[in-house]
Amino acid sequence: MLTRLAISTHEEVYRVEDRESGLRGFIALHSTRLGPAAGGLRMRTYEGDDAALEDVLNLSRGMSYKNAAAGLPLGGGKAVILGDPDHAKTPALLRAMGRAINRLQGRYWTAEDMGMSPEDMAELSRETRFVAGLNSGTHASGDPSPVTARGVLGAMRAGAAQLWGTQNLSGRHVAVQGLGHVGWHLCHLLHESGAKLSVADMNPAHVASTVREFGATMVDPRSIHAVDADIFAPCAIGGVLNSRSIPEIRARMVCGAANNQLASPEDAERLRARDILYLPDYVANGGGIVNVAAEILRIAPRAPWVDERLDAMQARMAHILARASGEGVSPAMIADRLVEEQLLQVAV
Ligand code: NAD
């Protein structure tokens, strides 16, 4: 059921299969140098095993970078299940995945990701204790989105200090793409900070609520990236910074919660060439994993610990931006380099 695959870029990779429940999936541990590999469980339809394997390898590597950048004693891991979460997800399938995770004896900790809910995490927890993102229990961390939004706001303040010499966001105009869990909370925080908002979402109800609650201006989702704002905040989907969108961006800074905002690594350089300050997404959106980490690490009381980590993340972003400006390279390059140095410094 758990078959180890030899993949040189990762410490451990497993194919997971369970005939009885129909489970097919993968678990990848990219690195445990800083601590147990942590990262969510994703369920979605893939074109096939190769596509699912490629996804889990990329995502688990990304988690090593995100966890390290957030200053957490956690490595990077991820798990995927092949199948439509709306039709193929059953308690038996989730429990089979829970048993597979349990066999790794805590070298991998899972949590909620695309296609999963807190209820699904509860189902997994019937088979393994190596699961976070629960809604109930002594250390349950619940919805990470408000903490993610706080982290993004802190990153924006670091960016504002670099660009305009002040962390104050009052009077700044921010164009927010995506008003879901994180985007809505971010709008709330920005509104409280005195920022002016332009917003877009595919869901009219989400737009209506931010217009009503925060006096935001509605923008067509196709042109939110091109608004003449100070900051563009992608909080919806990945790949929004690409060769077509970058020439149209009018903001001086890009900082948001979405994962994998750059369509390709070259896009970081495209942004720099246009003098647009791009704040690396995995550093800006690490608040969510900080929230989950408090559950994994059984931190109590959690609030001061989370606050301290968010402050440290903002300081790290300020350091990245200053170094990038000093060396004349993109912040994305410096962020990666810092993590790679950090991983090398840890004895294996
Ligand atoms: P969500 O699903 O709650 O919200 C996403 C919103 O984006 C939805 O309202 C959706 O209608 C909208 N949307 C989708 N496509 C759009 C488009 N083309 N233009 C405008 N709006 C569009 O998701 P979320 O939890 O708020 O996460 C947002 C992003 O942040 C994702 O990329 C996610 O991976 C990333 N992220 C989230 C967290 C977290 O704590 N939730 C943590 C780290 C990273």
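Here the structure is a predicted model, which means the values were calculated and not measured.

Parameters at a glance
- Along each chain, numbering runs from 1 in the same order as the chain's sequence is written.
- Local features in a predicted model are, by the rule used here, given only for residues with pLDDT of at least 70; side-chain atom pairs are given and counted only at 80 or more, and totals for whole chains, interfaces and linings are based on all residues.
- Hydrogens and water molecules were not included; the side-chain quantities draw on all heavy atoms of the structure.
- Strand pairing is defined by DSSP finding a minimum of two bridges between the two strands.
- Helix and strand labels come from DSSP, where a helix needs a run of H or I of at least four residues and a strand needs a run of E of at least two; each type is numbered from the N terminus.
- Contacts: residue pairs with any heavy atoms within 4.5 Å of one another.
- To obtain each axis, a line is fitted to C-alpha atoms, and for helices this fit is confined to the stretch in contact; angles are then taken between N-to-C directions over 0 to 180 degrees.
- Throughout, the term near means that a residue has one or more heavy atoms lying within 4 Å of the molecule or strand in question.
- By the criterion applied in these results, polar contacts are pairs of N or O atoms within 3.5 Å in which, for protein atoms, one can donate a hydrogen and the other can accept it, and in which residues neighboring in sequence qualify only through two side-chain atoms.
- The accessible surface values rely on the Shrake-Rupley method and a 1.4 Å probe; as for residues, cover is taken only from the protein chains in view.
- UniProt positions are given in the numbering used here, feature names are shortened, and annotations may be inferred rather than shown by experiment.
- Only protein chains enter the accessibility calculation, which uses a 1.4 Å probe. A residue is then buried if its area is under 20% of the maximum for its type, exposed if over 50%, and partly exposed in between.
- Either an automatic procedure or a domain database provided the assignment from which the domain bounds are taken.

This part is about the sheet that holds strand β8 (residues 173-177). Reading across from one edge, β10-β9-β8-β11-β12-β13 is the order of the 6 strands in this open sheet, with parallel pairing throughout. Both edges of this open sheet fall to β10 (217-218) and β13 (277-278), since each of them pairs with a single strand only. Taken together, the 2 bridges between strand β11 (residues 231-234) and strand β12 (residues 253-254) define a ladder with parallel strand orientation. Of the residues in β12, the one forming a bridge with Phe232 is Val254. Against the sheet, helix α6 (residues 204-214) contacts β9 (196-200) and β10, and its axis sits at roughly 170° relative to β9.

Below, the discussion takes up the site of the ligand. In the vicinity of the ligand, 21 residues are found, and the nearest of them are Thr148, His181, Val182, Asp201 and His206. Within the backbone of Ala257, an N or O atom sits 3.2 Å from an oxygen atom of the ligand. Between the ligand and Asn259 there is a distance of 2.9 Å, counted from an oxygen atom to a side-chain nitrogen or oxygen. Its free accessible area being 840 Å², the ligand has 73% of it covered by the protein chains.

Using the residue numbers shown here, the UniProt feature "binding site: NAD(+)" (unreviewed entry) corresponds to Gly178, Leu179, Gly180, His181, Val182 and Gly183. As for its position among the elements, Gly178 is in the loop between β8 and α5 (181-192). On the basis of relative accessibility, which here comes to 6%, the residue Gly178 falls in the buried class. Here Gly178 is in contact with Gly183, Ala200, Asp201, Cys235 and Ala236, once residues within four sequence places are set aside.

Along its sequence, the protein chain is carved into domain 1 (2-63 + 74-124) and domain 2 (145-286 + 315-341). The distance between the C-alpha centroids of domain 1 and domain 2 comes to 29 Å.

Moving on, we come to the pairing of strand β2 (residues 12-18). Moving residue by residue along a regular strand, the side chains alternate between the two faces of the sheet. Burial analysis of β2 places 5 of its 7 residues in the buried class, the great majority of the element. Looking at chain direction, strand β1 (residues 2-5) and β2 are connected through 4 bridges and run antiparallel. Its bridge partner lying in β2, Leu2 is registered against Val16. Remark: 6 residues form the turn of the hairpin made by β1 and β2, two consecutive strands paired antiparallel. Bridge count for β2 against strand β3 (residues 23-31) is 7 bridges, and the pairing is antiparallel. Looking at β3, one finds that Glu12 is bridged to Leu29. Adjacent in sequence and paired antiparallel, β2 and β3 are bridged by 4 residues, among which Gly22 carries a positive phi angle near 85°.

Attention now goes to unusual backbone geometry. In this chain, Ala300 is followed by Pro301 through a cis amide linkage whose omega measures -5°. When you line up the elements, Pro301 lands in the loop between α9 (287-296) and α10 (302-327). Of note, the phi angle at Asn260 is positive, near 50°, even though the residue is not glycine. Looking at where Asn260 falls in the secondary structure, it is placed in the loop between β12 and α7 (266-273). Overall, the relative accessible area of 52% leaves Asn260 in the exposed class. Even without being a glycine, Asp275 presents a positive backbone phi close to 65°. With respect to the element layout, Asp275 can be found in the loop between α7 and β13.

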